[in-house]
Amino acid sequence: MTASSNTTSGESAASFALELQKISKSFGLVQANKDIDLRIEKGTIHGIIGENGAGKSTLMNILYGLHRADSGDMFIDGKPAKIKGSADALSLGIGMVHQHFMLIPRFTVLENVMLGSEGGALLGAGRVATAQRLQELGQTFDMVVDPDALVSDLNVGMRQRVEILKALKSGANILILDEPTGVLTPQEATQLFEILDKLRDNGVTVLLITHKLAEIMAITDNVSIMRRGEMVGHRKTSETNPQELAELMVGREVLLNVEKPEANPSDVALSVSGLGCYSSRGHKILDNLNFEVRAGEILGIAGVSGNGQTPLMEVLAGMRKPDEGQFEILGTTITADTHVTPSDMRANGIGHIPEDRHKHGLVLEFEAYENMVLGFHDTSVTGEKRLMDRKHMIAHCAERMEEYDIRPRAPHLPAKNFSGGNQQKIVVAREMYENPKLLIVGEPTRGVDVGAIEFIHKQLIALRDQGCAVVLVSVELDEIMGLSDRIMVMNKGEEVATISGADADAQKLGLMMAGISEGAGA
Amino acid sequence: MIDFFYQILWTLDATLRVATPLILCAMAGIFSERSGIVDISLEGKLLSGAFVAAAIAAVTGSAWLGLFGAIGASVLMSLLHGFATITHRGDQVVSGLAINILASGLTVILGIALFKRGGQTPTLASDERFRPQELWFVDLMDNIPILGPIYRELISGHSLLVYVALLCVPLASFILYRSRFGLRLRAVGEVPIAVDSAGVSVTWLRYRALIVGGVFCGIAGAYLSISHGANFVREMSAGKGYIALAAVIFGNWRPVRAFMACLMFGFLDAITSRLQGVDLPLIGEIPAQLMLALPYILTILLLSGFIGRPSPPAAIGKPYIK
C-alpha cells in the first residue's frame, strides 16, 4: 500500500513527485471527481485504472490545467501548486500525451515540437535549437524521429513519439499518458513500453491512464483504481492481480474470459472466392481472399490495423463494391457488377457493427431512440403505422436499454452524451435485435470498459449459439483468441493463414500478422 | 506593333489598379481564415473602410487621417466579428453576413445624415487623396527601349497604396511562415486544442488574426474611396470582398498564390472593359456579364475539384470549445 495513509497538513514528503489531496470537480449535477487523494512516487510508473467515465480523464485534465478543480490541494515535489492553465502545468514540469493527439498533421515534426516554445518572435534560431534538442532527446530515449517529416506522413506509433518528445522538450519530468495504447498495434505498444522504461530509468515520473489490465500488470510499479469519480484503492502492482483490479474497477465480480461452449457449425452462410479490391489510388488492398463462414461459428480476422480488414468489412456490409471475385452471402451472389446497398444486405439478414461507431455506427447528434432504429426504418421497430411512430420507437429504445443495461436509461439523450461503452451497446442492441443470420463485427470493444466488454462478448457467443455466423475483426489478440472458433490472419490484404481457435497463441499470431506463415493451414 | 505593346501595358496597368483592393482583402482573408475564422465580412469591412476614409478626408482634408480612420473602422468591424464568433462562438458565416448587411446600411444612412448627398460623400480635391506618384528615375529610364515604357507606364505612376498592397504580399508570407505569430496562427486554424495545450490562448490569437485582417481591409477601403476614386459612392465595394475571398480559396490560403489569383481576377476585370463591343475572331463578342462572373465560376470549378484540390485550414468555421 503506497498512499492509503491520510495526510493531515499541507506538508508532504519530498519523495513524492506529485500529491493530490481531496480534489473534487463537478460538471453541473455530475460529480466527476470526489475527494481524490493520490500520491505518486518520483521516478516510478504509476497506473491509474478505471472504466470509461470513472473520472480518470477529468482528474488528468485538472492536473494539466485544462479543467480547474472545485476544491482540493495539489503538491508538486512537496510544494503547493496552483495550476490555472496548461501554461502553468508546463512550467511546473507536467507534460501530457493526450488520447487524441494534439498534433497538427500539416506541420512538420519540428514545427509541432516548437509550438508554444519557439524561442523568439522569429523562428530561425528556434528551429536550429529545437532540432538539436530533438536529436539529443531522441538519442537519450532511443526514439529518433525525422524532424522534417510531415506528421500526416507518420504512422500512429511515430506520432505518439512526437507527442512524448514534445512534452520532454518542454522540460516535463512528470509525464501523463492518457490511454496511450488505444490506437497502437501490439508491436507498437511493446515499443512504447520500452520507451516508458527508459524514461523511468532517466528519472521521469510516468502516469499511465488506462482501462486495460494487461498494461497495468506489464509496466507499472504502483496502481490506483478509480470508480464512479472516486479513488477506490491503491496497490503495488507486484502485490495485486488482474482479477482483483477488475473487481475494484467494476465494483462486482467480473469474468475476464467469457465461457465459450463448443461450436456447432452448420450450413455455409458466407463463402468468399477470389475477392479483390483496389484503393482509390489504385493500390491493391484486398488480394484473392477465399474463405467460408458457417452458421454457428465465429471467424476471427486478426491483423495489424490497416491490412485490409476495413475494406473487407465494407465489402461484406455492402458499403463498397468488390473489384474482383465474388462472394455468396446467405444465398445471394455478389460480384463487381451487382448493385447492392447496405440496406439490401440488412434486409437479407446481415447485421453490421462497424469498427468506427462514431463514423458509421451512430449519428452522434441524434437522440438514443433515433439511433436505435438507424438502418431499420422500414421494419417494425418504427411501429406498424405508415409514418414512423415516435412513441413506439421510444418504447422500443427503452426496452433495449433495459435488456442491454445501457446507462443512463434516457432515450432522449443524444448519442454523443453516452460513454463509449454505452454507445457501443446501442449499436450492438440495434444490430442484434432483428436476429441476424450473419453478423459482421469490427472492433466491438474498442474504447469500451471491462464490464461492457464482458457483456458484449457474452452477447456474441449467445448469438453464435443461436446459429448466427459471426465475422469478427479485431486488433485485440485477446479478444480474437477468446471468441473465435477459427482465426484468419491478414497481412497486406492477403490471407496469411487460417488456424483453429484452439491452436492459437499470441506468439504464433504475432508472427503471422507480420506476414510469416510457417506454411500452417487449417 | 508599338501600339499593341502599349495596349498590353495599359491593360496590365489597369489590372494592377483593379487588383489592389483584392490583394489587400485577400491577405486579410488569409490571416483570418488561417486562424480558423471564416471571413465573408471582408466585403463589409472594405465598404465601411471606404466610407470612413472618404468622410474623414472630406471633413479634415487629410488623406492620411482618412486612411487611419478607415483602418480604425475596419478593425472595429473585425472586433465585432470576433466578439460574435470567438467570444460567443456564434456561426461565422451568419456573423459575417450580418456585418456585410450592417456596413451596407450604415454607410448609406450615415452618409445621408452627415453629407445630405443621397449617400455619397463630397468629391475630394487632389491633395486630399492618395494620388498616383512618379517613381524615381522615370525620365532617365525613358531612353531604354521596352524597359523604359514598362517602368513608366506599368511600374511607376501608382498611388502609394498600390505599392503598400504589393508589399503586403511578401510581408504576409514572411509573418505566416517565418514568425512565431505565424506558426501559432497556422496552428490554431488546424488544431486549436493543440495550441491551447501548448499554453497559448486560442482566443487572443484569433482576435489578433482578425485585427491584422481589419488593418488590411481598412487600407483597401481607403484605396477605393480616396485613391482610386475621389469620394464614397453607396455599395462601392461591389463584391470585391467576395472576389478576394474567392482568390483566397483559389490561392489555397497561401499569400503568393492568392496574390496571383487576385492579379488574374483583376486582369479579367481589366480586359472586360477593353473587349466590350470588340468582335474577336472565331468567338465573336464576349458578353461582359460572362467576364464578370468568371471569378465565381472558376472558384466553383476549383471547389468542386476540377482544378486541383483545395485544402482549407482543418478547423475553419468551427468555434473552439474546450
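Residues numbered from 1 in each chain as written. Chains lettered and ligands numbered in written order. Predicted model: local features only at pLDDT ≥ 70, side-chain atom pairs only at ≥ 80, totals over all residues. Heavy atoms only, no water.

Thoughts on the overall build of chain A
Short version of the rule: What counts as a helix is a DSSP run of H or I of at least four residues, what counts as a strand is a run of E of at least two, and both are numbered from the N terminus. Think of it in three bands: residues with accessible area under 20% of the maximum for their type are buried, residues over 50% are exposed, and the middle band is partly exposed, with areas taken using a 1.4 Å probe on protein chains only. Contact criterion: two residues are considered in contact whenever any of their non-hydrogen atoms come within 4.5 Å of each other. Only the protein chains shown count as cover for residues, with accessible areas throughout obtained via the Shrake-Rupley method and a probe of 1.4 Å. Only four residue types enter the charge count: Lys and Arg as positive, Asp and Glu as negative, with His and the chain ends excluded. Where a charge lies is defined by one atom per residue type: Lys uses NZ, Arg uses CZ, Asp uses CG and Glu uses CD.
A count of helical and extended segments in chain A gives 17 helices and 20 strands. Over its C-alpha atoms, taken along the principal directions, chain A stretches across nearly 70 × 50 × 45 Å. Among the 522 residues that make up chain A, the fraction classed as buried is 53%. In chain A, 66% of the contacts between residues at least 6 apart in sequence involve partners at least 24 apart. Approximately 22300 Å² of chain A is accessible, and the part contributed by carbon and sulfur atoms is 48%. Averaging the positions of the 51 positive and the 70 negative side-chain charges in chain A gives two centres separated by 5 Å.

A word on the interface of chain B and chain A
Worth spelling out the cut-off: Buried surface area refers to the total accessible area, computed with a probe of radius 1.4 Å, that the two partners give up upon joining, counted for both partners together. What counts as a salt bridge is simple: a side-chain nitrogen of Lys or Arg found within 4 Å of a carboxyl oxygen of Asp or Glu. Side-chain atoms alone can form a polar contact between residues adjacent in sequence; in general such a contact is a pair of N or O atoms within 3.5 Å, and within protein one must be able to donate a hydrogen while the other accepts it. Under the scheme applied, nonpolar residues are Ala, Val, Leu, Ile, Met, Phe, Trp, Tyr, Cys and Pro; charged residues are Asp, Glu, Lys and Arg; polar residues are all the others, including Gly.
Taken together, the contact pairs 25 residues of chain B with 23 residues of chain A. Surface buried jointly by chain B and chain A totals about 1900 Å² across both partners, of which 62% is contributed by carbon and sulfur atoms. By the criterion of area lost to chain A, the three top residues of chain B are R180, L183 and S197 of chain B, representing 30% of everything that side buries. The interface formed by chain B and chain A contains three salt bridges. Of the charged contacts, one joins R184 of chain B and E118 of chain A as a salt bridge, the two residues approaching to 2.8 Å between their closest N and O atoms. The tally of links between chain B and chain A comes to ten residue pairs in polar contact (both at pLDDT 80 or more). Broken down by secondary-structure element, the contributors of at least two residues to the side of chain B that touches chain A are helix 7 (160-178), helix 8 (180-190) and helix 9 (192-197) of chain B. Looking at the side of chain B that touches chain A, the element that brings in the most residues is helix 8 of chain B, giving seven residues. For the side of chain B that touches chain A, the class distribution of residues is 14 nonpolar, four polar and seven charged.

Focus on the pattern of salt bridges
Residues and elements named next belong to chain A. Within the structure shown, the criterion is met by 40 salt bridges over all chains. Note that E111 and R127 form a salt bridge whose closest N and O atoms lie 3.9 Å from each other. Of this pair, E111 sits in helix 3 (residues 109-114) while R127 sits in helix 4 (residues 124-141); the two residues are 16 residues apart in sequence, bridging distant segments of the chain. Here R127 falls in the partly exposed class, since its relative accessible area comes to 28%. Residue D221 is joined to R200 by a salt bridge in which the shortest nitrogen-to-oxygen separation is 2.7 Å. With D221 in the loop between helix 7 (213-219) and strand 9 (222-227) and R200 in helix 6 (residues 186-201), this residue pair connects regions lying 21 residues apart in the sequence. A relative accessible area of 26% means that D221 is categorised as partly exposed. Taken together, the shared-partner salt bridges in this structure form one network comprising K260, R464, D465 and D485.

Details of the sheet that holds strand 12 (residues 284-294) of chain A
Residues and elements named next belong to chain A. To be explicit about the condition: Paired strands, in this sense, are two strands between which DSSP finds at least two bridges. Note on definitions: angles span 0 to 180 degrees between N-to-C directions of axes, and those axes are lines fitted to C-alpha atoms, for helices only across the stretch in contact.
Ordered by their spatial adjacency, four strands build an open sheet running 12-11-14-15, and the pairing between neighbours is antiparallel. Two strands close off the open sheet at either side, each with one partner strand: strand 12 and strand 15 (332-335). Taken over all neighbouring pairs, the strand axes of this sheet differ in orientation by 15 degrees on average, direction set aside. Examined bridge by bridge, strand 14 (residues 324-329) and strand 15 share four bridges and lie antiparallel to one another. Across the sheet, the residue bridging to Q326 is T335, located in strand 15.

Quick notes on the pairing of strand 12 of chain A
Residue and element names in this part refer to chain A. Strand direction decides the pairing type here: strand 11 (residues 268-278) and strand 12, joined by seven bridges, are antiparallel. The residue of strand 12 that forms the bridge with Y278 is K284. Remark: five residues form the turn of the hairpin made by strand 11 and strand 12, two consecutive strands paired antiparallel; G282 in that turn has positive phi of roughly 90 degrees.

Quick word on the packing of helix 14 (residues 420-433) of chain A against helix 15 (residues 450-465) of chain A
All names here are of chain A. In plain terms, the rule: Roughly parallel means an angle under 35 degrees; roughly antiparallel, over 145; roughly perpendicular, 65 to 115; everything else is oblique. Left-handed describes a crossing whose near helix is turned anticlockwise from the far helix through less than a right angle; right-handed describes the clockwise counterpart.
Running from N to C, helix 14 and helix 15 cross one another at 15 degrees; their axes reach a closest spacing of 10 Å. Looking at the two axes, helix 14 sits roughly parallel to helix 15. Considering only the axes of helix 14 and helix 15, their crossing is left-handed. Contact with helix 14, carried on its side by G421, Q424, K425, V428 and M432, involves A452, F455, I456, Q459, L460 and L463 of helix 15 and no other residues of that element.

A few points about the domain arrangement of chain A
Residue and element names in this part refer to chain A. How we decide: Throughout the structure description, domain borders are defined by an automatic or database domain assignment.
According to the domain assignment, chain A consists of domain 1 (13-93 + 173-250) and domain 2 (268-349 + 434-513). A separation of 36 Å is found between the C-alpha centroids of domain 1 and domain 2. Listed per partner, the contact involves nine residues of domain 1 and eleven residues of domain 2. The salt bridge partner of E476 is K212, with a shortest N-O separation of 3.3 Å. The interface formed by domain 1 and domain 2 contains one residue pair in polar contact (both at pLDDT 80 or more). Counting only elements with at least two residues in the side of domain 1 that touches domain 2, the list comes to helix 6 and helix 8 (242-250). Among the residues making up the side of domain 1 that touches domain 2, the classes are represented as three nonpolar, four polar and two charged.

Overview of helix 8 of chain B
Helix 8 of chain B sits mainly inside the fold: ten of its eleven residues count as buried. For helix 8 of chain B, the secondary structure elements touched by its buried residues are helix 3 of chain A together with helix 1 (2-34), helix 7, helix 9 and helix 10 (202-228) of chain B.

Comments concerning the sheet that holds strand 16 (residues 350-353) of chain A
Residues and elements named next belong to chain A. Reading across from one edge, 16-17-18-13-19-20 is the order of the six strands in this open sheet, with mixed pairing throughout. The sheet is open, and its two edges are formed by strand 16 and strand 20 (494-500), each paired on a single side. Averaged over all adjacent pairs, the angle separating strand axes in this sheet is 15 degrees, with direction ignored. Sheet topology places strand 17 (residues 438-442) next to strand 18 (residues 469-473); five bridges connect them, and they run parallel. If you follow G442 over to strand 18, its bridge partner there is V473. Helix 9 (residues 309-316) contacts strand 13 (298-302), strand 16, strand 17, strand 18 and strand 19 (486-491) of the sheet and is inclined by roughly 150 degrees relative to strand 17. Together, strand 13, strand 19 and strand 20 form the strand contacts of helix 17 (residues 506-513), whose direction differs from that of strand 19 by roughly 35 degrees.

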